Amino acid sequence: MPQVNDDKTQKPDKFWRSYDQLENNSEYQKFVEAEFPGEEPSPETEIKRRTFLGIMGASMALAGSVGCRKPVQTIVPYVNQPESLVLGVPQHYASVMPFGTSSYPVMVTTNEGRPTKIEGNPHHPSSLGKTNAFMQASILNLYDPDRSKNISQNGVPASWENFIEFWAEHKTTLDETRGAGFAIIAEEFSSSSMARLQDQFHRTYPHAKWVTYSPISDRNILSALESAVGQPVRPKYHFDRAKAILSLDADPFLLDSDNVSNAHGFAQGRHAENINDEINRLYAVESGMSVTGAAADHRLRLPSHKMGAFLLAVAHVLADEGVQIQFDLPVMQSEPEWNEWIQALVSDLLHHRGESIVVAGRNQPKTVHLLVHTINAALGTIGNTIEYYPAETTDFSDFDELKSLILQMAAGEISTVVCLGTNPVYNAPSDLNFALALGNVEHRIHLGTHVDETARIASWHIHQAHFLEAWGDVTNIDGSTSIVQPVINPLYLAKSELEVLYTLITGQDRSSYGVVRDTWERRRDSSESTWRQMLHDGIHPNDSRDPLPAQPITRQIQESVDLNVLLVEGRGFEVVFSADYSSYGGLFSNNGWMQELPDPVTKMVWDNAALISPRSAEERHVQTGDMVRISFDCCTMLIPVWVAPGHADNSITLPLGYGRRNIGRVADGVGYDTYILRRTEHMDFVTGASITRAEGERILASTQNHGSMEGRPLIREATMQEYHDDPHFAQHMVHVPDLQSLWNEHQYDEGYQWGMSIDLNACIGCSACVLACQAENNIPIVGKRQADYGREMHWLRVDRYYAGDDDDPQVGFQPVACHHCEMAPCEQVCPVAATVHDQEGLNMMTYNRCIGTRYCSNNCPYKVRRFNFFNYTNSLPELVQMVQNPDVTVRTRGVMEKCSYCVQRINRVKRQAKLENRELQDGEVMTACQQACPTNAIKFGNLLDRNSEIVHEKQSERSYEILAEFNFRPRTSYQAKLRNPNPSINDQEHS
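Residues numbered from 1 in each chain as written. Predicted model: local features only at pLDDT ≥ 70, side-chain atom pairs only at ≥ 80, totals over all residues. Heavy atoms only, no water.

Colleague: Lay out the overall build of the protein chain in plain terms, naming residues and giving numbers.
Modeller: Counting its regular elements, the protein chain contains 32 helices and 37 strands. A globule of 991 residues ought to have a C-alpha radius of gyration of about 30 Å, and the protein chain, at 28 Å, matches this closely. Principal axes of the C-alpha set define a box for the protein chain whose edges measure 90 × 75 × 65 Å. Taking all 991 residues of the protein chain together, the buried fraction comes to 63%. Long-range pairs, those at least 24 residues apart, make up 76% of the contacts in the protein chain with a sequence separation of at least 6. About 38800 Å² of surface is accessible on the protein chain, with carbon and sulfur atoms providing 48% of the total. If you average the places of the 86 positive and of the 125 negative side-chain charges in the protein chain, the two averages end up 5 Å apart. (Helix = DSSP H or I, 4+ residues; strand = E, 2+ residues; numbered from the N terminus. Rg over C-alpha atoms; globule rule 2.2 N^0.38 Å. Buried < 20%, exposed > 50% of the residue type's maximum accessible area, 1.4 Å probe, protein only. Contact = heavy atoms within 4.5 Å. Areas by Shrake-Rupley, 256 points an atom, 1.4 Å probe, with all protein chains shown as cover. Lys, Arg positive; Asp, Glu negative; His and termini not counted. Charge placed at Lys NZ, Arg CZ, Asp CG, Glu CD.)

In structure tokens, the structure reads:
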């Protein structure tokens, strides 16, 4: 048998997935020893495997008489085809996805007028053709069958004309009072047209109030920079230029703004193709494990309320080294455990003056961000790795204004409130009791995508258009303009924010296109040719602005900021309110793709929980799934606990956006509403909370034990020093003997041989690839219960591994899909030849042959084949069917599914090349996962092209194949991960 190399730089048992595996308990053994994961029968069926195979055999025998298992459906001929439409040929449109004060340029694929896929815009510097999971999933929100479908007045269906008639009469009263008693609550935006209408609103109704409120907001960052720089700005981080990075309670690679370009830049700084390369070094200080913290070379777990004190300690050491800090630093005693860490960090920052970045998360207070700006300016990063661009729109969330408005509402001083795309009944601070105050308002108007918590108590509800249905515009971080271009007519005649706001101001009806063109006509360069080019490219051709030079903080700001507030000691437990990787505060609550996408770190699906450290769990005598009671002031909530390795002690992370009721079939009953603990004075984190064990427990579904590595070194990594000592360490870990194949080898005389390489040094575990694969290949969701059985249908998974002590482990990620092995073990055991090898080396599935024995799944060592236990698509709402890719078969129950290397994309490009009488060009074929990956971790191409990028990647010193010792000869290979630890820091894993 092949032997594992006993190389001390990398032991196979270094990595572990979960506490179950670490303890090797009975539940873990039961799961991994099962012949087929998910063998346990579900409540929906008591059919046993033997009975099931009998039924499948009978259905195979009857195949000649019944034709096929798929239900017969009637089709409708396309009689009047539009002239510009060619059936079967997808079309692509540039647009942009607004996301608070951020925006993500996209390229939308449509099939016969249906938007079916979102990609990044390769012409735009904010996305560079890449995406994140939220962008990929946003298209499913368009086809949400639970979307609001009509306007209603007091719960009775009405029309847009009815609303205009009502508003024309009501506006007469508002005009007389100049807007007294009128208020709008709107979300943050980066739209020039919204800014123009907001200004027009104030001029039309000078006594009215406009309150901006978004539950997830960059207000602390933007407010601090406006004070420091002297004008509204937005920061642009160039991680590709940075050699030393400090991340304080931040997640710039996934949850924070501009995360696509941030992740892309960071990955560019990690390339190390020869031993002389110097890769960047990332230091992360955070309370809970984030995607950014998982990528860090050094990570310090620290409660959120101590970040300010930590930053002050850094500033003191910088000042001692002669760096001019513009604030008067208060005297403080640094924590002893920080000293070694901070000394090494500061030395690194000083060594890379002008090539470093210090960034703090949106949860940190304004004072911390002012100090961060001061340190960045002192290190010479402003204008190099960080650039500030003038912000055209400056209206960020103002909680004081919201509180003032609610007090006026409760006192009966407000007669009309318009919630413009907001849902404050659900997500406003609990101490304000917005729902009670709203009951005192006579005219309650709500614009929203769903009949949500606010809509249910509104007198008027207007259904809101998706960004793919309406015109709009955004100002990008660099000051350039992009147009939100619709790609489909509004479903149910929904209305956009621009249309509703224009009507509120003028009393007239105007399309969103007209509003945007009005804004465009006010520009100096408003030519028709420029407009059309901007629509085509997705960005204004000549609209970028110069960044601002670094500005010293004025004496007035220095004197008004009290840094002593950063030294306040917390008491009791800290509670941190966090945007969630799935629901993102509630924006994706009813999105099945996001709910079933495993959390990058916990791998939890279809739920949220209170995340606490192992030590805190032990002190409170709780374990994962136990119900706990969290109390703060007069607020109390029950929620299950999740023991999270790497979490700070005495700190609790509560993900926002769950616990919805009567919103939709996906969101209802999923998770727990943590907004009820959020208070106006403590929107981001609070100390003084208590946590106690409560009765009961909850099953929390997680995929972290699925696809166990069984002690094999599947993921491989080393430090830069170990890489210098042995550049081929990844291949040396396992001895691969010269084995002879049992079967004749496949012969390839000409054509193409496809292969893939995944660089673990670039992968950050964001899971954009997983959602891109799901959207491209019509992969169904299965729900919490089936996912907990191990029956999730994703063709691609991202394994998360811990290494080291459970209190403070390192984290590694490894995407795994079908490896398309040359000597594929699945092909040898299929009794009906449903899984076969094609002439281009792809392992293919013939669905009509599959009878569901699942022998191939059992024989696959990578566990990447998914069996369709139920017909998940037979009851799929017609609206959701519109998102499905017509180039990919929609599978019924009883067949095996897996990655196909996006064979439909390969064939599409080959057909085009044949029409043009040419050979395929390198990089012309892109799989869905490859195209989505923000870090370019995935490469794909023709292995016969010796000059191709894929061949270059596979020749890397770090390249290796997992389980190569068994002679499967997979076509997917990996490049081992490198960490760049500071030798001055004696972390446990490097001691």
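Moving on, there is more to tell.
Colleague: I'd like to hear about empty space enclosed by the protein, residue by residue, with values.
Modeller: By the definition in use, this model includes 13 cavities of 30 Å³ or more. Each pocket or cavity is described by its volume, and for the second largest cavity that value is around 240 Å³. Looking at the second largest cavity, it is lined by 19 residues, and the ones nearest its centre are Asp218, Ile221, Pro235, Tyr237 and Ser257. Elements with a minimum of two residues in the lining of the second largest cavity: α8 (219-229), β9 (233-237) and β13 (356-360). (1 Å grid on protein atoms, 1.4 Å probe; cavity = no way out; pocket = protein on both sides within 12 Å on 5 of 7 lines; lining within 4 Å. Points joined across faces, edges and corners; volume = space filled by probe spheres on them.)

Colleague: Account for the nonpolar core, naming residues and giving values.
Modeller: Core analysis: the biggest nonpolar cluster contains 172 residues, and Ile630, Ile652, Leu654 and Trp754 have the highest contact counts within it. Per element, the largest residue contribution to this core is 7 residues, and it comes from helix α5 (residues 133-142). Listed in part, the 46 residues of the second largest apolar core include Ala244, Ile325, Leu329 and Ile985. (Core = buried A, V, L, I, M, F, W, Y, C linked by side-chain atoms within 4.5 Å.)

Colleague: Please give an account of helix α17 (residues 497-506) that cites residues and values.
Modeller: Taking burial as the measure, the 10 residues of α17 include 8 buried ones, the bulk of the element. What α17 keeps buried is the set Leu498, Glu499, Val500, Leu501, Tyr502, Thr503, Leu504 and Ile505. Positioned one or two residues after α17, Gly507 has a phi angle of 80°, which is positive.

Colleague: An account of the sheet that holds strand β34 (residues 938-942) is requested, with residue identities and associated values reported.
Modeller: By way of backbone hydrogen bonds, the strands of a sheet pair with one another, either parallel or antiparallel. Reading across from one edge, β34-β27-β36-β35 is the order of the 4 strands in this open sheet, with mixed pairing throughout. Each end of this open sheet is capped by a strand with a single partner; those strands are β34 and β35 (959-960). Bridge count for strand β27 (residues 754-759) against strand β36 (residues 972-975) is 4 bridges, and the pairing is parallel. Each bridged residue has a counterpart across the sheet, and for Ser757 the counterpart in β36 is Ser973. (Pairing = 2+ DSSP bridges.)

Colleague: Could you give an account of the confidence of the model for the protein chain, with specific residues and numbers?
Modeller: Per-residue pLDDT for the protein chain averages 86, and the proportion of residues at 70 or more is 90%. When pLDDT is averaged over each element of the protein chain, strand β10 (residues 244-248) comes out on top at 96 and helix α4 (residues 63-66) at the bottom at 37. Counting interchain partners and residues more than four positions distant, the pLDDT-below-50 stretch residues 1-12 has 23 contacts. Taken as a whole, residues 38-71 scores under 50 in pLDDT and shows 44 contacts with residues more than four places along the chain or in a different chain. (pLDDT = per-residue confidence, 0-100.)

Colleague: How would you summarise the state of the cysteines if you had to cite specific residues and measurements?
Modeller: Evaluation of the coordinates by the stated rule reveals 0 disulfides. Free of any disulfide, Cys634 has its nearest cysteine sulfur in Cys635, 4.4 Å distant. Note on Cys634: relative accessible area 65%, which makes it exposed. Cys830 forms no disulfide, and the closest cysteine sulfur to it belongs to Cys856, at a distance of 6.3 Å. (Disulfide = S-S within 2.5 Å.)

Colleague: Talk me through the sheet that holds strand β7 (residues 182-186); I want residue IDs and the actual numbers.
Modeller: Ordered by their spatial adjacency, 7 strands build an open sheet running β6-β5-β17-β16-β15-β7-β8, and the pairing between neighbours is mixed. Whereas interior strands pair on both sides, the edge strands pair on one side only; in this sheet they are β6 (156-158) and β8 (209-212). Shown here is a sheet whose adjacent strand axes are inclined to one another by a mean of 20°, direction ignored. Examined bridge by bridge, strand β15 (residues 416-420) and strand β16 (residues 443-448) share 5 bridges and lie parallel to one another. Bridge pairing in β16 places Thr416 opposite His443. (Axes fitted to C-alpha atoms, helices over the stretch in contact; angles between N-to-C directions.)

Colleague: So what's going on with the packing of helix α7 (residues 192-204) against helix α18 (residues 512-521)? Residues and values would help.
Modeller: In contact at an axis separation of 9 Å, α7 and α18 are set at 85° when each is read in the N-to-C sense. Our classification of the angle between α7 and α18 gives roughly perpendicular. Note on element contacts: α18 touches α7 through Val515, Val516, Asp518 and Thr519, opposite Ser192, Ser193, Arg196 and Leu197. Grouping the amino acids of the contact of α7 with α18 by side-chain chemistry returns 3 nonpolar, 3 polar and 2 charged. (Parallel < 35°, antiparallel > 145°, perpendicular 65-115°, else oblique. Nonpolar A, V, L, I, M, F, W, Y, C, P; charged D, E, K, R; others polar.)

Colleague: Which residues make up the packing of helix α6 (residues 160-177) against α17, and what values do they have?
Modeller: Viewed as axis vectors pointing N to C, α6 and α17 meet at an angle of 35°, and their least axial separation amounts to 9 Å. Contacts between α6 and α17 involve Trp160, Phe163, Ile164, Trp167 and Lys171 on the former and, on the latter, Glu499, Val500, Thr503, Leu504, Ile505 and Thr506. Of the residues that constitute the contact of α6 with α17, the class distribution is 7 nonpolar, 2 polar and 2 charged.

Colleague: Would you mind going over the pattern of salt bridges in detail, with residue names and values included?
Modeller: Using the criterion set out here, one finds 36 salt bridges in the structure. Here Asp759 and Arg958 are joined by a salt bridge, their closest N and O atoms 3.0 Å apart. Of the two residues, Asp759 is situated in strand β27 and Arg958 in the loop between α32 (949-954) and β35; the sequence distance between them amounts to 199 residues. Looking at Asp759, the relative accessible area reads 6%, which means it is buried. The partner of Arg891 in a salt bridge is Glu897, and the shortest N-O contact between them spans 3.0 Å. For the pair Arg891 and Glu897, one class covers both residues: buried. (Salt bridge = Lys/Arg side-chain N within 4 Å of Asp/Glu carboxyl O.)

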